[in-house]
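# A closer look at the structure
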Amino acid sequence: MLYKKVLVLAPKIQLFIWRLLKNGLAVTGNLSKHIPGINDECRLCNKATETMEQFFLHCEASQAVLFASPMSLRTSMNPSITVKDYLASWLNEGGEYMKFKMGTCLYWDLWKARNNIIFNGGKFSIQGTLKEAMYWYNMQLSTDVYEVIPTEKDILQDEKDLWEPPPDNKVKINFDGAAGSKGYACSAVARDNTANFKGGPNKVLNFISAVEAETHGAHLAVDLDICKGLNDVIIDEDSLIIMNSLRYRHYQYPWRIQNYISRIKDNLHNFNSVIFRFVRNTANKVAHELAAHAATNQSSRIWLNFSPSCITQLIELEASLLA
């Protein structure tokens, strides 16, 4: 059964994991037992003898990569847990084995970074290691892993075809993510009951997926609300996954966005009232256009008083439709 589970991995990572499980990797702690005088220090931190557990779990450089990854893994919190324990727990979660795939890709690229230092005199980069790991993780990844079919109740409750202004005492924030040839970006746009622009940031994102980009957009929306001192807000988005993740306490959302969703919910105490609503993409055009602008131009910015030129005409058009 293990063979079927590792099919989610690229063939070279399958071989790597097999060697890791068999303690067959050439860590210097093992080599020093057979080659007298060899430097057995970890090549990433240079602070301890390199063993399997030290390199993948206790090395400070490896810990930084694991924590900075979408898994937000803190191996220092459980020093007694072994590499095999982590692999077993990821496999036991079942489903699409996405945690298993992410964890093994991170291990693989930590090992590659280590070998690059030894054999090529390279330098270690947390950002570069994460970028490479995400490349292997996304390889052959099914695009429908995160698809959730909306129920009839979900659609009838909130779905809107066109942007609508909020009530007089509230501000509406639309957020979205977008993909460009150079990567993903997200944005948030605030407007009042007269459709006047009240602020909006966009942000270029790295090492990320579509669902994560939209979750970052939600985070931007909440941060914008706090920055502007808004107390009563309506937040609209065209992703049912993100909306349900924010609206329902027991909704089973993708593990890759758990950390982001938790951060957003932690900030909701700053408001008197927050309403999350699912809308069609036709009612979310302005936010999408601002995110697409960032993805295309690879630039991040925040506008607090005047709307950027890339969305001004669209805002005016939507305002005219309200007359």
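Residues numbered from 1 in each chain as written. Predicted model: local features only at pLDDT ≥ 70, side-chain atom pairs only at ≥ 80, totals over all residues. Heavy atoms only, no water.

## Side note on the packing of aromatic side chains
The test is simple: Working definition: a ring pair exists when centres of Phe, Tyr or Trp rings (six-membered ring for Trp) sit within 6.5 Å. Plane angles under 30 degrees give stacked, over 60 give edge-to-face, the rest tilted. In DSSP terms, a helix is any run of H or I states spanning at least four residues, a strand is any run of E spanning at least two, and both are numbered starting from the N terminus. Remark: exposure states derive from per-residue accessible area (1.4 Å probe, protein chains only) relative to the maximum for the residue type, with buried under 20%, exposed over 50%, and partly exposed in between. In this scheme, the term charge over a ring applies when either NZ of a lysine or CZ of an arginine sits within 6 Å of the ring centre and within 35 degrees of the ring normal.
Inspection of the entire model under this criterion finds 10 aromatic pairs. With a centroid separation of 6.2 Å and an interplanar angle of 65°, the aromatic rings of F16 and F56 are classed as edge-to-face. Here F56 lies in helix α4 (residues 52-58) and F16 lies in helix α2 (residues 11-21), a separation of 40 residues in the sequence. Overall, the relative accessible area of 0% leaves F56 in the buried class. Considering the side-chain rings of F55 and W111, the 5.7 Å spacing of their centres and the 90° angle between planes classify their relative orientation as edge-to-face. Taken together, the residues F55 in helix α4 and W111 in helix α7 (residues 98-120) connect sequence positions 56 residues apart. What makes W111 buried here is its relative accessible area of 6%. Here the aromatic cluster, defined as three or more aromatic residues joined through ring pairs, consists of F16, F55, F56, Y86, W90, Y107, W108, W111, Y135 and W136. Here the guanidinium or amino end of K172 rests over the ring plane of W163, the centre of that ring lying 5.5 Å away. In this arrangement the basic side chain of R191 is found over the ring face of W163, its NZ or CZ atom lying 4.0 Å from the centre.

## So, the nonpolar core
Inclusion rule: To form a nonpolar core, buried Ala, Val, Leu, Ile, Met, Phe, Trp, Tyr and Cys residues must be joined to one another through side-chain atoms within 4.5 Å. Contact between two residues is taken to exist if any of their heavy atoms lie within 4.5 Å; hydrogens are not considered.
Ranked by internal contacts, the top residues of the largest apolar core, which has 43 residues, are F16, L20, F56 and Y107. Within the residue set of this core, elements represented by two or more residues are α2, α4, α5 (60-68), α6 (83-92), α7 and α8 (126-138). Examining the composition of this core, we find that 10 residues originate from one element, α7, more than from any other. In this structure, F16 is in contact with L25, F56, T104, Y107, W108 and W111, ignoring residues within four places of it in sequence. By size, the runner-up hydrophobic cluster in this structure holds 32 residues, among which are L224, I235, Y253 and I261.

## A word on the packing of α6 against α7
Put simply, the rule is: Fitting a line to C-alpha atoms yields each axis, with helices limited to the stretch in contact; the angle taken between N-to-C directions then spans 0 to 180 degrees. Throughout this description, any angle smaller than 35 degrees is read as roughly parallel, any larger than 145 degrees as roughly antiparallel, any in the 65 to 115 degree range as roughly perpendicular, and the remainder as oblique. Here the nonpolar group is Ala, Val, Leu, Ile, Met, Phe, Trp, Tyr, Cys and Pro; Asp, Glu, Lys and Arg are the charged ones; every other residue, Gly included, is treated as polar.
In the contact formed by α6 and α7, the axes pass within 8 Å of each other and the chain directions differ by 150°. It follows from the interaxial angle that α6 and α7 lie roughly antiparallel. Side by side, α6 and α7 meet where V83, Y86, L87, W90 and L91 of the first sit next to K99, F100, G103, T104 and Y107 of the second. Tallied by class, the residues present in the contact of α6 with α7 amount to seven nonpolar, two polar and one charged.

## Overview of unusual backbone geometry
Positive phi outside glycine occurs at S72, with the angle close to 50°. Secondary-structure assignment places S72 in the loop between α5 and α6. The class for S72 is partly exposed, based on a relative accessible area of 22%. In this structure, A195 takes a positive phi of about 70° despite not being glycine. With respect to the helices, strands and loops of the structure, A195 is situated in the loop between β2 (183-191) and β3 (197-205). A relative accessible area of 4% places A195 in the buried class.

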